[in-house]
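Descriptive structure summary
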Amino acid sequence: MNENWAYIKAHIEQFPEYKSSIFEQGFLITDQELTIHDDYPFFGNWRQEPLSDCFHIWLHCRQKLYTTTHNGITYFLIGHAYNPFSGQGNELDILNTLASQSHDSFELGLQTINDLTGLFVIGMIAGERLTFCGDFESMRTAYYGSVNGHCYLCSHEELAAQFESLHRDDYVTKLEHYRWYHLYGEGLPGDISHYHELKKLICNNYVVYAEGAFNTVRIWPRQSLSMCENKAAYWETVHQIAKLMKSNLALIAEKWERPAVSVTGGRDSKGSLAASIHEKERFQYFSYNSQPAEKVDCDAAEAICRAVGVPHVTYDIPLDKAVYPEYELVRAILCVNSNRLYFNHNDIMKRIYLRKENPFDIEVKSWTSEVGRAFYYKRYGVRHMQKKCTARRVNAMNNIFLMNPALIYATDVRYKDYLHRTAYNEHMFNYDWSDIIDLEMRDSRWGADVLSCEHMFSHDVTVPYNNRHLSELMLKVPLEDRIADRTHIDFTHELCPEIDATNISVKDVAHNNKRMWMDKIYYFIASVRLF
């Protein structure tokens, strides 16, 4: 990481337009009196705003903060949120509703928070007590910890490291340099960070800071799920999903001037496209082509959009890095923002291109809906998973370890600690544990970093599927229907039958039958802990 900082410091003056991209859309809350100067690495792009008597907040120039006070308690929201149930698209209205319904209790406010879609960190401050959580999937990254007796809640690990001497975790360094670490994404196990002093905010939990200590409380699940037991219940659930998605897209069109739906030939993307059709004049529709595998998606997206009568644009991303002399600088900034060692070449080129072209102000991205499509059942080609979640099983789902038992067991320890502290198995009820692991250890852990620290380098992002009640509806459907994508097919058809009439569908080429068998064999061998 030091070499990336050194490169940025040596070359940033050659490309001053990228000064504001360091810690893009960042925030920092602390109980310590700090001063953020206008020199490197902040360059005058940060501001301080009032928060409370005990806590201070600094914000990146493109980050938004909303606050309200009720009975001496400060409620805050960082990022953006909208409520498809009430139709509220204004964050201050949402905060005022939270304040009135919470009765000064974060627990009582969870119902309001669970209604929200968006990418945000939301919380309340009562004296020296700070309580906070993220959006449903915690897709807006946040890290927290106590450093030298002071509370820190921030958007980027390296942001806190600008003010405190943090200690990098040797285990994480070994993991990142392990040959096969990157195969399932580069998320770390549990809620650990690169530093001993910080933890990552993971979805389905809220965090309380009081008397100098942080404690994690599980938000969801908290009760059994009412399953669809007949066709009438199934179709009513499909209708509710379609209604919520339509409401989310209507609120997006209302909130932003230049929203754009990212379209592929995939099932999730079709759902977002269908939900936007009633507001199609207010959206752009696009795909980007930055590698051969994406060309298939672009062609499918163009054909689907033509069939439903909306214009579609394909952005052809140049692949010769000589086109962008700032390439190495951007690579270093992306690595610093995300605390990652590597980035794919095409992803770097994509970020530069979209930041320069600025074709839209927010991308509507169709992530997080795979929880309703039984992701791990598809990955392993199975109809049943083991009954109980264990640290080793979670490890085998998220990491590939070959001939390195020391790293396997060290990773088990991190997952076991997380499952214990968040009371994971005590809160499963009749939920499928693999679905919740998909949310917490794949989407919230790795996907959130990609959105917040990579995609937001070039533009803001919102995810209409990112709503807790919406996901609950998807999980109510029988497993066989989820595996077959039946729910997505049916709610898409209700909103826009012309989409599936095209008979165009693009599958992920990386998850072919051979890959499925390799993943399956590895998982069922590696998930058994012999001693």
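Now for a quick tour of the structure. (Residues numbered from 1 in each chain as written. Predicted model: local features only at pLDDT ≥ 70, side-chain atom pairs only at ≥ 80, totals over all residues. Heavy atoms only, no water.)

**Examining the layout of surface pockets**
Selection rule: Grid spacing is 1 Å over the protein atoms alone, the probe is 1.4 Å, and a cavity is where that probe fits but cannot get out, while a pocket is an open set with protein on both sides within 12 Å along at least five of seven lines and lining residues have an atom within 4 Å of a point. Grid points are joined across faces, edges and corners, and a volume is the space filled by probe spheres set on the points. Going along the chain from the N terminus, every DSSP run of H or I of four or more residues is numbered as a helix, and every run of E of two or more is numbered as a strand. Ten residue types, Ala, Val, Leu, Ile, Met, Phe, Trp, Tyr, Cys and Pro, are classed as nonpolar, four, Asp, Glu, Lys and Arg, as charged, and the remainder, Gly among them, as polar.
Computed from the structure, the second largest pocket encloses a volume of approximately 530 Å³. Of all the secondary-structure elements, those providing two or more residues to the lining of the second largest pocket are β5 (73-82) and α10 (345-357). Among the residues forming the lining of the second largest pocket, the class breakdown is six nonpolar, eight polar and eleven charged.

**Some words on the environment of E157**
The line we're drawing: Type-normalised accessible area, obtained with a 1.4 Å probe on protein chains alone, sets the label of each residue: buried when under 20%, exposed when over 50%, and partly exposed for intermediate values. The criterion used for residue contact is that any of the two residues' heavy atoms lie within 4.5 Å. Distance and chemistry together define a polar contact, namely a pair of N or O atoms within 3.5 Å, with one atom able to donate a hydrogen and the other to accept it when in protein, and with adjacent residues in sequence counting only for side-chain atoms on both sides.
Mapped onto the fold, E157 is located in helix α4 (residues 157-160). Residue classification places E157 among the buried positions, given a relative accessible area of 4%. With sequence-adjacent residues up to four places away left out, E157 is seen in contact with Y143, L166, S193, H194, Y195, L198 and N339. Reaching out from E157, the side chain makes a polar contact with the side chain of N339 at a distance of 3.5 Å.

**Remarks on empty space enclosed by the protein**
Tallying each qualifying case throughout the model produces six cavities of 30 Å³ or more. Put simply, the largest cavity is a space of about 90 Å³. Around the largest cavity, the lining is made up of 16 residues, and of these E186, L188, H194, S338 and D449 lie nearest the centre. Among the elements that line the lining of the largest cavity, the one with the most residues is helix α14 (residues 433-453), at three residues. Classifying every residue of the lining of the largest cavity gives five nonpolar, five polar and six charged. Lining the second largest cavity are Y184, G185, G187, L188, N398, N399, Y415, M441, R442, R445 and W446. The leading source of residues in the lining of the second largest cavity is α14, at four residues.

**Focus on the packing of aromatic side chains**
Using the following cut-off: To pair, rings of Phe, Tyr and Trp, with the six-membered ring standing in for Trp, must have centres within 6.5 Å; the planes then decide the type, stacked if under 30 degrees apart, edge-to-face if over 60, and tilted in the middle. Both a distance and an angle decide whether a charge sits over a ring: NZ of Lys or CZ of Arg must be within 6 Å of the ring centre and within 35 degrees of the ring normal.
Tallied over the full model, the rule gives 28 aromatic pairs. Centroid distance Y178 to F401: 5.5 Å. Interplanar angle 40 degrees. Geometry classified as tilted. Here Y178 is found in the loop between α5 (170-176) and β10 (199-200), whereas its partner F401 is found in the loop between α12 (391-398) and α13 (405-421), with 223 residues between them in sequence. Given the relative accessible area of 12%, Y178 is considered buried. Exposure remark for F401: the relative accessible area of 6% places this residue in the buried category. When the centroid spacing of 4.9 Å and the interplanar angle of 80 degrees are considered together, the rings of Y523 and F524 count as edge-to-face. A residue is classified by how much of its surface remains accessible, and Y523, at 0% relative accessible area, is buried. Sitting above the plane of the Y184 ring, R379 keeps its charged end 4.2 Å from the centroid.

**Describing the sheet that holds β10**
For clarity, the threshold we go by: For two strands to pair, DSSP has to find at least two bridges joining them.
Ordered in space as β2-β3-β1-β9-β8-β10, the six strands form an open sheet in which the pairing is antiparallel. Lying at the two open borders of the sheet, with one neighbouring strand each, are β2 (46-49) and β10. The pairing of strand β1 (residues 27-30) with strand β3 (residues 56-60) spans four bridges and is classified as antiparallel. In the sheet register, T30 faces β3, and the bridge partner there is H56.

**Some details on the nonpolar core**
The test is simple: Side-chain atoms within 4.5 Å link the members of a nonpolar core, which is a set of buried Ala, Val, Leu, Ile, Met, Phe, Trp, Tyr and Cys residues.
In terms of nonpolar packing, the biggest core is built from 67 residues, with I122, W433 and I437 touching the most fellow members. Among the elements that make up this core, the one with the highest residue count is α13 (six residues). For W433, the contacting residues outside a window of four places in its chain are M385, Q386, K387, K388, C389, R393, M397, Y424, M428 and Y523. If you look at the next biggest cluster of nonpolar residues, it comprises 45 residues, including L198, L334, I348 and I352.

**A look at the pattern of salt bridges**
Going by this rule: Just to be clear on terms, a salt bridge is a Lys or Arg side-chain nitrogen sitting within 4 Å of an Asp or Glu carboxyl oxygen.
Inspection of the entire model under this criterion finds 36 salt bridges. Salt-bridge contacts for R331 lead to E328; the nearest nitrogen and oxygen are separated by 2.9 Å. Of this pair, R331 and E328 both sit in helix α9 (residues 327-338), three residues apart, roughly one helical turn. Relative accessible area serves as the criterion here: at 21%, R331 is assigned to the partly exposed category. The partly exposed category is assigned to E328, whose relative accessible area is 27%.

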